[in-house]
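Listed below, chain by chain, are the residues.
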Amino acid sequence: MALERTLSIIKPDATKRNLTGKINAKFEEAGLRIVAQKRIHLTKAQVGKFYEVHAERPFYDELCDFMASEPVVVQVLEGEGAIAKNREVMGATNPADAAPGTIRAEFAQSVGENSVHGSDAPETAAAEIAYFFSGLELVG
Ligand code: CMP
């Protein structure tokens, strides 16, 4: 399996409840390394651009309001098969469907307020990482 990097976001519902450390522990226990990380408060326009692919979905406006409501922690996770591994550690989008022990099973509050985002493929990971970080900020 190849060494990969993926973009992770700890969402407002989790930062607000002071869960950043507990969520980071889940990543590290799974063998993922946090090679870049910063806490930022996104504007609605910045969120809208990030989630552009969902622009036609009925939940888009609600999603953008939520992601701009409180600070988030954006981070780059590195490891063997990091993209799939991170999605495994996160669990299903809807916490009602998330496997026991996953981040969303333990911490998410709803399908919208689901604590974490993770890239879904190598191309999106590269684009999402570049949206938030310069090469100099990635310290492996
Ligand atoms: P994420 O992995 O960040 O990608 C898009 C997000 O849209 C998703 O997680 C959910 O938080 C959100 N989302 C998906 N479906 C719904 C929905 N039905 N209602 C509200 N938000 C949703």
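Right above here is the structure, for reference.
The rules behind each value
Residues numbered from 1 in each chain as written. Predicted model: local features only at pLDDT ≥ 70, side-chain atom pairs only at ≥ 80, totals over all residues. Heavy atoms only, no water. Helix = DSSP H or I, 4+ residues; strand = E, 2+ residues; numbered from the N terminus. Contact = heavy atoms within 4.5 Å. Core = buried A, V, L, I, M, F, W, Y, C linked by side-chain atoms within 4.5 Å. Buried < 20%, exposed > 50% of the residue type's maximum accessible area, 1.4 Å probe, protein only. 1 Å grid on protein atoms, 1.4 Å probe; cavity = no way out; pocket = protein on both sides within 12 Å on 5 of 7 lines; lining within 4 Å. Points joined across faces, edges and corners; volume = space filled by probe spheres on them. Nonpolar A, V, L, I, M, F, W, Y, C, P; charged D, E, K, R; others polar. Near = heavy atom within 4 Å. Polar contact = N/O pair within 3.5 Å; in protein donor to acceptor, adjacent residues only side chain to side chain. Areas by Shrake-Rupley, 256 points an atom, 1.4 Å probe, with all protein chains shown as cover. Sits in = over half its atoms within 2 Å of the grid points. Pairing = 2+ DSSP bridges. Axes fitted to C-alpha atoms, helices over the stretch in contact; angles between N-to-C directions.

Within the element layout of this structure, Ile103 appears in helix 6 (residues 103-107). Along the backbone, Ile103 and Lys22 are 81 residues apart, and their C-alpha atoms lie at a distance of 9.1 Å. Not counting the four nearest positions on each side in its chain, Ile103 is found in contact with Ile23, Lys26, Phe27, Val89, Met90, Ala108, Ser115 and Val116.

A word on the nonpolar core. Ranked by size, the top nonpolar core spans 20 residues in total, and within it Leu7, Ile9, Met67 and Phe132 carry the most contacts. Looking at this core, the elements that each hand over two or more residues are strand 1 (3-10), strand 2 (33-40), helix 3 (44-50), helix 4 (60-67), strand 3 (72-80) and helix 7 (122-132). The residues touching Ile9, leaving out its near neighbours within four places in the chain, are Phe50, Met67, Val72, Val73, Val74, Ser115, Val116, His117 and Phe132. Core analysis: the next-biggest nonpolar cluster, separate from the first, contains 14 residues, Ile10, Ile23, Leu32 and Val73 among them.

Another aspect to go through is the layout of surface pockets. In this model, the largest pocket occupies a volume close to 760 Å³. Every residue lining the largest pocket is counted, 29 residues in all, and those nearest its centre are Lys11, Tyr51, His54, Leu63 and His117. Contributions of two or more residues to the lining of the largest pocket are made by helix 3, helix 4, helix 5 (82-90), strand 4 (116-118) and helix 7. A per-element tally of the lining of the largest pocket places helix 7 first, with 4 residues. In the lining of the largest pocket, the residues fall into 11 nonpolar, 8 polar and 10 charged.

This next bit is on the site of the ligand. The full set of residues close to the ligand is Lys11, Tyr51, His54, Phe59, Leu63, Thr93, Arg104, Val111, Gly112, Asn114 and His117. Val111 is positioned with one of its backbone polar atoms (N or O) 3.0 Å from an oxygen atom of the ligand. At 3.2 Å from an oxygen atom of the ligand is found a main-chain nitrogen or oxygen belonging to Gly112. In isolation the ligand offers 460 Å² of accessible surface; the protein chains occlude 79% of this area. The pocket occupied by the ligand, as judged from atoms lying within 2 Å of grid points, is the largest pocket.

What follows deals with the sheet that holds strand 1. One open sheet holds the 4 strands; their spatial order is 2-3-1-4, and the pairing between them is antiparallel. Pairing within the sheet leaves two strands with one partner each, and these edge strands are strand 2 and strand 4. Averaged over all pairs of adjacent strands, the angle between strand axes in this sheet comes to 20°, irrespective of strand direction. Pairing analysis gives 3 bridges linking strand 1 to strand 4, with the strands arranged antiparallel. For Ile10, the partnering residue across the bridge sits in strand 4 and is Val116. Packed onto the sheet, helix 5 meets strand 1, strand 3 and strand 4 and runs at close to 35° relative to strand 1. Against the sheet, helix 7 engages strand 1, strand 2, strand 3 and strand 4, with an angle of about 55° to strand 1.

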